[in-house]
Amino acid sequence: MLKIIITSVFVEDQNKALQFYTETLGFVKKNDVPTGEHRWITVVSSEEQGGVELLLEPNEHEAAKEFQQKLFNDGIPVTMFGVADIQEEYKRLVEKGVRFTMEPTEMGGITIAVLDDTCGNLIQLIQQ
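Positions within a chain are numbered from 1, following the residues in the order the chain's sequence is written. The model is predicted, so local features are restricted to residues of pLDDT at least 70 and side-chain atom pairs to those at 80 or more, both for listing and for counting; the totals for chains, interfaces and linings are taken over all residues. Processing note: side-chain calculations cover all non-hydrogen atoms of the structure and skip hydrogens and water entirely.

## What about a nonpolar patch on the surface?
Like-charged residues are merged into a patch within 9 Å and nonpolar side chains (Val, Leu, Ile, Met, Phe, Trp, Tyr) within 5 Å, provided each residue has over 30% relative accessible area and no salt bridge. Accessibility throughout is a Shrake-Rupley quantity obtained with a 1.4 Å probe, and a residue counts as covered only by protein chains that appear here. The term salt bridge refers to a side-chain nitrogen of Lys or Arg lying within 4 Å of a carboxyl oxygen of Asp or Glu. There is a patch of nonpolar side chains on the surface, built from I5, I6, V33 and W40 and spanning about 340 Å² of accessible area. Its place among the elements puts W40 in strand 3 (residues 38-44). Put simply, DSSP marks the helices as runs of H or I at least four residues long and the strands as runs of E at least two long, and each gets a number from the N terminus on.

## Describing the sheet that holds strand 2 (residues 28-35)
Should DSSP find at least two bridges between two strands, the strands are taken to pair. One open sheet accounts for four strands, arranged 1-4-3-2; its pairing is mixed. Each end of this open sheet is capped by a strand with a single partner; those strands are strand 1 (6-11) and strand 2. Each strand axis lies, on average, 25° off the axis of its neighbour in the sheet, ignoring direction. As paired elements, strand 3 and strand 4 (residues 53-58) share two bridges and run antiparallel to each other. Counted as the bridge partner of V43 is L54 from strand 4. Axis geometry follows a simple rule: fit a line to the C-alpha atoms, using only the stretch in contact for helices, then measure angles between N-to-C directions, giving values from 0 to 180 degrees.

## Side note on the sheet that holds strand 8 (residues 122-127)
The four strands lie next to each other as 5-8-7-6, forming an open sheet whose pairing is mixed. The sheet terminates laterally at strand 5 (79-82) and strand 6 (100-107), the two strands that pair on one side only. The average undirected angle you get between the axes of adjacent strands in this sheet is 20°. The pairing of strand 6 with strand 7 (residues 110-116) spans five bridges and is antiparallel. By the bridge assignment, E106 is partnered in strand 7 with T111.

## Some words on helix 2 (residues 62-73)
Every helix has an expected span of 1.5 Å times one less than the residues it contains. The terminal C-alpha atoms of helix 2 lie 16 Å apart, and with twelve residues this matches the ideal 16 Å at 1.5 Å per residue to within 8%. By the burial criterion, the buried members of helix 2 are A64, Q68 and L71. In an axial view of helix 2, the angular spread of the buried residues amounts to 70°, which keeps them on one side of the axis. For helix 2, the exposed residues set more than 90 degrees away from the buried face come down to E62 and N73. Looking one or two residues past helix 2, G75 carries a phi angle of roughly 75°, positive in sign. Using a 1.4 Å probe on the protein chains alone, a residue whose accessible area is under 20% of its type maximum counts as buried, one over 50% counts as exposed, and one in between counts as partly exposed. Directions are taken from the helix axis to each C-beta atom, and the arc is the one they span.

## Notes on the side chain of N121
In this structure, N121 sits in the loop between strand 7 and strand 8. By the criterion applied in these results, polar contacts are pairs of N or O atoms within 3.5 Å in which, for protein atoms, one can donate a hydrogen and the other can accept it, and in which residues neighboring in sequence qualify only through two side-chain atoms. Only 2.7 Å separates the side chain of N121 from the backbone oxygen of F10, close enough to count as a polar contact. Polar contacts involving the side chain of N121 include one to the side chain of Q68, which spans 3.1 Å. By the convention used here, residues are in contact when the closest approach between their heavy atoms is within 4.5 Å. Apart from residues lying up to four places away in sequence, N121 is in contact with V9, F10, V11, Y21, Q68, F72, V78, L115 and D116.

## Describing the pattern of salt bridges
One pass over the structure, following the stated rule, counts six salt bridges. Among the ionic pairs, D32 bridges to K29, the shortest N-O distance being 3.8 Å. Under the relative-accessibility criterion, D32 is labelled partly exposed at 31%. For K29, a relative accessible area of 44% corresponds to the partly exposed category. Here R92 makes a salt bridge to E89, at a shortest N to O gap of 2.6 Å. Linking R92 with E89, this pair stays in helix 3 (residues 86-95), spanning three residues, or about one helical turn. A cluster of three or more residues bridged by salt bridges with shared partners is formed by K29, D32 and R39.

Put into structure tokens, the structure is as follows:
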């Protein structure tokens, strides 16, 4: 049986991304391994440190840059993170200076919000 163990987001700056994803969002750094001019950096949920890892992948390739920029410009989130209480998470993140492109909005039994990760991506939060 296959299972998801790592997923990734392209980032413009790995150091800035690591700081944002850990210090602002609250993820925990799991791996930080030099790989030439870049690093293999993954973060995990503080509540599920053995769970799925998020790779903060450099967007060095022109196709990655173009993909990332087009999604951002069109307002399309690159991934989704689940939260237990979206209103509380929204309030916590706004207090930390996070910019949201969509405040918490109910849509057919779920509530979503969209934030700017400061590294070239929009991230959707969802409360089910």
